[in-house]
Amino acid sequence: MNREREPIFSAKNMRLLLGPLNRDNPVAVQILGICSVLAVTAKLRPAFVMAVSVVAVAALASLIMSALRKTIPSRIRIIVQLVVIAFLVIIVDQILKAYVYEVSKQLSVFVGLIITNCIIMGRVEAFALGNKPWPSLLDGLGNGLGYGVILIVVGFFRELLGAGELWGRQVIPDSFYEAGYMNNGLMLLPPMALIIVGVIIWIQRSFNKDVVDK
Amino acid sequence: MNRNSNTYIVVYATAMVVIVALALSFASLALRDRQQANIENEMKRAILRSIGIEAQGGMAAVDALYARYIVGSFAVDARGEVVEGANAFELLANLRAVYALPPDERELPVFVSRDGQGVERYIIPLWGSGLWGPIWGYLALESDWKTVSGAVFYHQGETPGLGAEIAESWFGDRFAGKTIFRDGQFVSVSVEKRRGTEPPGPHSVDAITGGTITAFAVGRMIRESLQGYLPFIQLQKENE
Amino acid sequence: MENIFNIFIKSIFVDNMVFAYFFGMCSYIAVSKSVKTAMGLGVTVTFVMVTTVSLNWLLTRYLLNPGALAWMGGEFAAVDLSFLSFIVFIAVMASFVQIAEMAVEKFSPALYNSLGIFLPLIAVHCAIMGGSLFMQERAYENIGEAATFAFGSGIGWWLAIIMMAAIREKLKYSNIPRPLRGAGITFIITGLAGMAFMSFLGIQM
């Protein structure tokens, strides 16, 4: 964090933060960390809480591991990473249980699964262990956000089309229902989350031609 | 210092474990009261639902409603006697463990509600197993100890859209007005799959289309849970 | 007995790790390119799943649950270590993966090479962590139920990845829109297969 040598928000640092939101999106491009967390996207609210949790854990894990990088014995590197990530996730879980109990019940075991989210482990291993704390924090933050955006987009469409609601409030006017509109219950079921992610990848890759698989 | 020497690794790992354990214990202790309050609040909300009060708003609102309507609680044993000094709320929080005991060692909680008109009701927690996992609920009885005034059910993992419908209020509402005694004999309220258009009798309700196994399990849960309260209920009826 | 059978069927079909919970998607997408590799990974995951979930069940019962330490004496009965469960589970997983890795390397070097980085990555495999967490949340009564659940879940994951690998081997000859190739089409196929698996929801025994 040295202003004279490099401004805090230099072009390079901004790229770390914003790249994962589009071009290097961890879910759409790197296919990391899909894991389980899509299971909580049936409604926008749990998806949002989950996104915030992942961003917090990803950013803090990258920061802590980067700060410790010179002290960690390489032979127990993975174990140290797991312990730090698990520690952060337990704290997040405890806070959710204490302050947003209803949502934490909907998230059930999926908070614990942040530990095994490949993005967090992957960014720590690939970036934080070789870089200074500040860029690492931005990298973790950016990747967490890139992931959170996907969760929120999926949650938005599933709740809107599946229940006609957003954030638990009805947004599709009654006149639509009277005119014969029906909620698509299938959107709330697990398979649709996968199909929506597939479509997001399709759209994203139509605009970024260089990441298309052969 | 050599970062890969065994001494360094052992010291590093030990320090890490100690720091993490201390920090986690501290966080857990600091947040435990609030977490406990959330869990109790959820049970209070469910108890209120069984007497037809949907608590809106946050924890304070639920606490206030609970304090207004729930006037007492006690626990009964297998001989039908009230257990001195038992904490009904604690029993309720550990209902799974209570039902794991042999029937004559169980101490079963009862909650008493009184509404604005002074009408008393008795709320009995239920515990059983559904198709895929545990189901539970609350059955509110009128002060005659035989007419059901309301019921709510919860489940852990019944089939969405089929068995999981037991948690919807329309299913619980089917139990209102039923009676658990016929000519002084305990018959419970059963869940039945019937043909024809006759409405169900006073001791049964309709099952759920596509969710019959879970719905039958609710009937079984009510019968088996009430069985433990029967000695107490019989005593109450004799005293009348 | 009936209960065990119920858990087994449910964990393979109804609560399939991939289609119902998206567990283990990273390796599922990356390793499902050939049936042979998928087969090997499926067996390894099932093995690690059964061993870790069973061991974690014992740890939950005798160490982590509220009051679980009562066997050490009355004064420990009030201790509640459940907040440590994530760390304990991940440590058990990591150790078993280490054992599995050594076993695979010794007995099947070819498989070891083809799995590559994904073998050690089973340590952070969502399906196994998810299995342990579900075991804890659903509070299985005894170790038999927990092991059955783990075995069923492992088989379910195995079936899913083999199915996907077989489909993807054929898919090479299809004309898919360019941006949809690779990951995109895999997600959509998984979604469609998940819909097919939903027909098991109505299953009654």
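Residues numbered from 1 in each chain as written. Chains lettered and ligands numbered in written order. Predicted model: local features only at pLDDT ≥ 70, side-chain atom pairs only at ≥ 80, totals over all residues. Heavy atoms only, no water.

A. Structural detail: the packing of aromatic side chains. Here the structure, examined in full by the defined rule, presents 24 aromatic pairs over all chains. Ring geometry for F110 of chain A versus F134 of chain C: centroids 6.3 Å apart, planes at 85°, classification edge-to-face. Note that F110 of chain A is positioned in the loop between α4 (101-107) and α5 (118-126) and F134 of chain C in helix α6 (residues 126-138), a pairing that runs across two chains. On the accessibility criterion, F110 of chain A (6% relative accessible area) is buried. The rings of F74, Y122, W145 and F232 of chain B are connected pair by pair, giving a single aromatic cluster. (Phe/Tyr/Trp six-rings, centres within 6.5 Å; stacked < 30°, edge-to-face > 60°. Helix = DSSP H or I, 4+ residues; strand = E, 2+ residues; numbered from the N terminus. Buried < 20%, exposed > 50% of the residue type's maximum accessible area, 1.4 Å probe, protein only.)

B. Examining a nonpolar patch on the surface more closely. All names here are of chain C. A surface patch of nonpolar side chains, amounting to about 570 Å² of accessible area, comprises L55, L58, Y62, W71, M72 and I143. At three residues, the largest contribution of residues to the nonpolar patch is made by helix α3 (residues 35-64). Checked against the element boundaries, W71 lands in the loop between α3 and α4 (85-107). By relative accessible area, W71 is classed as exposed at 56%. (Patch = residues over 30% accessible without salt bridge, like charges linked within 9 Å, V, L, I, M, F, W, Y side chains within 5 Å. Areas by Shrake-Rupley, 256 points an atom, 1.4 Å probe, with all protein chains shown as cover. Salt bridge = Lys/Arg side-chain N within 4 Å of Asp/Glu carboxyl O.)

C. Main features of the environment of F96 of chain C. All names here are of chain C. Among the structural elements, F96 can be located in helix α4. Sequence separation between F96 and F47 is 49 residues; the distance between their C-alpha atoms is 9.4 Å. Setting aside its immediate chain neighbours within four residues, F96 contacts V48, T51, T52 and L55. (Contact = heavy atoms within 4.5 Å.)

D. Layout of the interface of chain B and chain C. Every contact between the two is made by 16 residues of chain B and, on the other side, 16 residues of chain C. Carbon and sulfur atoms make up 59% of the surface buried where chain B meets chain C, a total of about 1,300 Å² over both sides. Across the chain B-chain C interface, the total number found is zero salt bridges. At the junction of chain B and chain C, the tally comes to zero residue pairs in polar contact (both at pLDDT 80 or more). When contributions to the side of chain B that touches chain C are tallied by element, the ones reaching two or more residues are α1 (6-50) and α6 (212-239) of chain B. Here the side of chain B that touches chain C gets five residues from one element, more than from any other, and that element is α1 of chain B. Tallied by class, the residues present in the side of chain B that touches chain C amount to seven nonpolar, seven polar and two charged. (Buried area = accessible area lost by both parts, 1.4 Å probe. Polar contact = N/O pair within 3.5 Å; in protein donor to acceptor, adjacent residues only side chain to side chain. Nonpolar A, V, L, I, M, F, W, Y, C, P; charged D, E, K, R; others polar.)

E. Examining the interface of chain A and chain C more closely. At the interface, 43 residues of chain A touch 38 residues of chain C. Of the roughly 3,400 Å² buried between chain A and chain C, counting both surfaces, carbon and sulfur atoms make up 84%. Three residues, V109, L194 and W202 of chain A, lead the burial of chain A against chain C; their summed loss comes to 17% of the area buried on that side. At the boundary of chain A with chain C, the tally comes to zero residue pairs in polar contact (both at pLDDT 80 or more). The set of elements that each furnish at least two residues to the side of chain A that touches chain C consists of α3 (77-99), α5 and α8 (190-207) of chain A. Tallying contributions element by element places α8 of chain A first for the side of chain A that touches chain C, with 13 residues. Residue composition of the side of chain A that touches chain C, grouped by class: 31 nonpolar, eight polar and four charged.

The quantities given are spatial measurements derived from coordinates; they are silent on function.
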